[in-house]
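Descriptive structure summary
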Amino acid sequence: MPDRQETRRLIGKPAPFVSAFIEAVDSAIRTQQPHHAMSATQRAWLAFCVTAVLVTNSVCWARFERASLGMYALAALSWMFRHSKIPWDQLLVASVRVILQHHDLTSGSLVVDDTDNQRAKSAQALAHLYKLRDKDSGGYIWGQSLVFLVLVTAKISLPVGFVFYQPAPELSAWYKKDKTLRKLRVPKAQRPCKPAPNPRYPTKQQLALHLLEAFKAHYPDIKVSCITADALYGTAPFVDGASALFGGVHVISQIRSNQHLRIGKREQHVADYFASHPGTPHRIRIRGGAAVVATVGSARLYICSHHTKRLIVAIKYAEEEAYRYLIASDLSWRTLDVVQGQTLRWLVEVFIQDWKSHEGWAQLTKQPGEEGARHSVIVGLLVDHSLFVHPDQQHQLKNNLPAYTVGSLRAHVQVECLVDVLDELVSSDEPQEKLTRFATALHEVFAFSRSKKHMIQRQLGRLEPTPSLKYRAREVMRNIPVMS
């Protein structure tokens, strides 16, 4: 059944700013690799798909067909996605180059984060599915997990890389069995050993390092000021590896409260150390915006699992009861600068929320297979990039004004596409005839669907007593024992 809002989601042709953006992306591909350039048909198809995602908030060929009133057929759209030799591997790289050049961006911070997306239990054809831990309920869900790399600059924040994550099957089986044996209080010596790492299934930390390595290779002229990530990436291999990739760049992450420190010749938990060395109140400007008061303490201490000293920052905001503990690889940074750098990590969460809510991924994006999953994400990220060249957004950024939200820009594109359809209808030579064809197409696309709630033309059944069974019912009632 079509969405009741879909009558407002019509596309006559790709949005002009999207078509110009796709042309710029193709030019960037031709500059680097001329033999991977897109044809005119491929560019037109991609521009329509990016516009259709903005209008329908999905990557769904059926919705695209309805939005175009049959101008683009479902089968043709799907065939292009599956079989056309579009240079998918170069699209995202070229798109980032276009945005960097368009807005004259030469430096920024890199933020790493991962996100999960729930899928139906019946989903089998989708790639990279596995049982995920649900943070809200504490239970498990069926879904996909991705690791993102986002570039945060003084002007904009844009996604520059992604990769799907999936744990090794043998490792998942071992965790499940080990958990069962732990509940049975089986000694560790009698439990199976943890399986060796499988190179076919890299960890999230390894995937993040691959994304950072690819970013450096594709955009060597971008100066990276620091790299930030959450506690999952607060391991020595990631912190040291990420810092070394960019010539010793500063890496900010988090560690657990029970992480071991070495104080002199004795070891101590991070939480225990800062319990006896409490912080002091400081005014902190969150992401260059409003100032808040937070309790902050710091020390340069030896972390046992990292085998080196790190700058450790304990921070607790006014509404929080417990400290969180940041680590910084560069000991020459000031404490408050580390805190300020870590606040940038929140921006990747805003991007992920926009991507899921307004750029099609979580709304009817069910392209099967590994290529289908990856290409769908690329289309969604092209949607995000295209909004940076939207005329109204460009005006804001050029005049150093606050950028518009993705949701408001998408609503504006919906209105623009609808107005274009109506303008073409009104300005035609024979508007009455075109209106008739337009109305006919609308009725064909938004046809009535049959309800399953009502019983008309169905067998309701014989809902009444049977006369021949009333004597049997009497006998049954007579044989009921009387309770004393």
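Overview of the structure. Since we're looking at a predicted model, the values are computed, not measured.

The rules we used
Residues numbered from 1 in each chain as written. Predicted model: local features only at pLDDT ≥ 70, side-chain atom pairs only at ≥ 80, totals over all residues. Heavy atoms only, no water. Salt bridge = Lys/Arg side-chain N within 4 Å of Asp/Glu carboxyl O. Helix = DSSP H or I, 4+ residues; strand = E, 2+ residues; numbered from the N terminus. Buried < 20%, exposed > 50% of the residue type's maximum accessible area, 1.4 Å probe, protein only. Core = buried A, V, L, I, M, F, W, Y, C linked by side-chain atoms within 4.5 Å. Contact = heavy atoms within 4.5 Å. Phe/Tyr/Trp six-rings, centres within 6.5 Å; stacked < 30°, edge-to-face > 60°. Lys NZ or Arg CZ within 6 Å of the ring centre and 35° of its normal. Pairing = 2+ DSSP bridges. Disulfide = S-S within 2.5 Å.

1. Brief notes about the pattern of salt bridges
Inspection of the entire model under this criterion finds twelve salt bridges. For the salt bridge of arginine 43 with aspartate 26, the shortest nitrogen-to-oxygen distance reads 3.5 Å. Of the two residues, arginine 43 is situated in helix α2 (residues 40–56) and aspartate 26 in helix α1 (residues 16–32); the sequence distance between them amounts to 17 residues. Judged by its relative accessible area of 2%, aspartate 26 is buried. Among the charged side chains, a network of salt bridges with common partners joins Glu23, Asp26, Arg30 and Arg43.

2. Let's talk about the nonpolar core
Counting 110 residues, the largest nonpolar core has Trp45, Leu91, Leu212, Phe215 and Phe238 as the members making the most contacts within it. Counting residues per element, this core draws most heavily on α2, at ten residues. In contact with tryptophan 45, other than residues within four places in its own chain, are Trp61, Leu77, Met80, Phe81, Ile86 and Trp88. Residues Ile252, Leu326, Ala328 and Val339 belong to the second largest nonpolar core, which totals 13 residues.

3. Structural notes on the packing of aromatic side chains
All chains considered together, the criterion is met by 19 aromatic pairs. Ring centres of phenylalanine 81 and tryptophan 88 lie 5.8 Å apart, and the angle between their planes is 70°; this geometry places the pair in the edge-to-face category. Under the relative-accessibility criterion, tryptophan 88 is labelled buried at 6%. With centroids separated by 6.3 Å and ring planes inclined at 80°, the aromatic side chains of phenylalanine 162 and phenylalanine 164 adopt a geometry described as edge-to-face. By relative accessible area, which is 5% here, phenylalanine 162 ends up buried. Cluster of aromatic residues (ring-pair linked, three or more members): Trp45, Phe48, Trp61, Phe64, Tyr72, Phe81 and Trp88. Its guanidinium or amino end placed over the ring of tyrosine 140, lysine 131 lies 5.9 Å from that ring's centre, counting from NZ or CZ.

4. Section: unusual backbone geometry
The backbone phi angle of histidine 128 is positive, close to 60°, even though this residue is not glycine. Here histidine 128 is to be found in the loop between β1 (107–118) and β2 (130–133). Here histidine 128 falls in the buried class, since its relative accessible area comes to 17%. For arginine 185, which is not a glycine, the phi torsion comes out positive at approximately 60°. Looking at arginine 185, the relative accessible area reads 76%, which means it is exposed.

5. Brief notes about the side chain of threonine 343
Position of threonine 343 relative to the elements: it lies in helix α10 (residues 335–343). Judged by its relative accessible area of 7%, threonine 343 is buried. Not counting the four nearest positions on each side in its chain, threonine 343 is found in contact with Ile286, Arg287 and Tyr317.

6. Observations concerning the pairing of strand β12 (residues 324–328)
Counting buried positions over the five residues of β12 gives four, a clear majority of the element. One ladder, built from four bridges, connects strand β6 (residues 250–255) with β12; its direction is antiparallel. Residue pairing in the sheet places isoleucine 255 in a bridge with tyrosine 325 of β12. Pairing analysis gives five bridges linking strand β11 (residues 308–317) to β12, with the strands arranged antiparallel. Residue pairing in the sheet places isoleucine 312 in a bridge with isoleucine 327 of β12. Where β11 folds back on β12, the antiparallel hairpin that results is connected by six residues.

7. Structural notes on the side chain of glutamine 393
Considering the arrangement of structural elements, one finds glutamine 393 in helix α13 (residues 391–398). What makes glutamine 393 buried here is its relative accessible area of 4%. When residues no more than four places from it in sequence are discounted, the contact partners of glutamine 393 are Leu387, Phe388, Ala403, Tyr404 and Leu409.

8. Regarding the state of the cysteines
Counted by the stated rule, this structure contains zero disulfides. No disulfide involves cysteine 60; its sulfur sits 12 Å from the nearest other cysteine sulfur, which is in cysteine 49.

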